[in-house]
Amino acid sequence: MTVSSKNILRLAAICALLAGAADAMAKPDPAVGRWGTPADHGIVDIRSCGGGICGRLIGSDVIRSTPGKKDSRNTDTAKRNRPLKGVTLLSGFHKTANGWDGGSVYNPEDGRTYKATITMDGPNTLDLKGCIVWPACKTQEWHRTR
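A short tour of the structure in this document, coming up. (Residues numbered from 1 in each chain as written. Predicted model: local features only at pLDDT ≥ 70, side-chain atom pairs only at ≥ 80, totals over all residues. Heavy atoms only, no water.)

With that settled, the discussion passes to the state of the cysteines. The full count for this structure, using the stated rule, is two disulfides. Covalently, Cys-49 is tied to Cys-54 through a disulfide, its sulfur atoms 1.7 Å apart. Between Cys-49 and Cys-54, the S-S dihedral sits near -40 degrees, and the bridge is therefore left-handed. In this structure Cys-49 comes out as partly exposed when scored by relative accessible area, which is 27%. Sulfur-sulfur distance for the disulfide between Cys-131 and Cys-137 comes to 2.0 Å. Note on the Cys-131 and Cys-137 pair: the S-S dihedral is about 105 degrees, so by sign convention the disulfide is right-handed. Given the relative accessible area of 11%, Cys-131 is considered buried. Each disulfide of the protein chain joins two cysteines, and with those cysteines numbered along the sequence the arrangement is 1-2, 3-4. (Disulfide = S-S within 2.5 Å. Buried < 20%, exposed > 50% of the residue type's maximum accessible area, 1.4 Å probe, protein only.)

Printed below as a string of structure tokens:
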């Protein structure tokens, strides 16, 4: 069996495409990791979830001083007895050309959930924008902790 130069080129092109696809799949989402928040020195662990990203509260000044602190300000009274540590703060985000959209952020300080977007401002800084209703929004800058 002989291999023509056309077949070699086709095989090389297929290998290059497969290598590029594997490389793209292996790269983690830039938002995945642990992030420090400006409020109470919070630490949020952001992970890939269901085709998007989500984030849980894993530490804060309040949690360090009162490890059993409950989510006592939640507007849903059924959730007020759950531990604050481990509460999902970020959910429902899907990737867009500019970051992540369509998500929500839960604020344990007031117990409310807001529509939100996330954009990266470099590899170690993200901007989380939460809105009651647009344009009534507030943006926080979070920094990667590791």
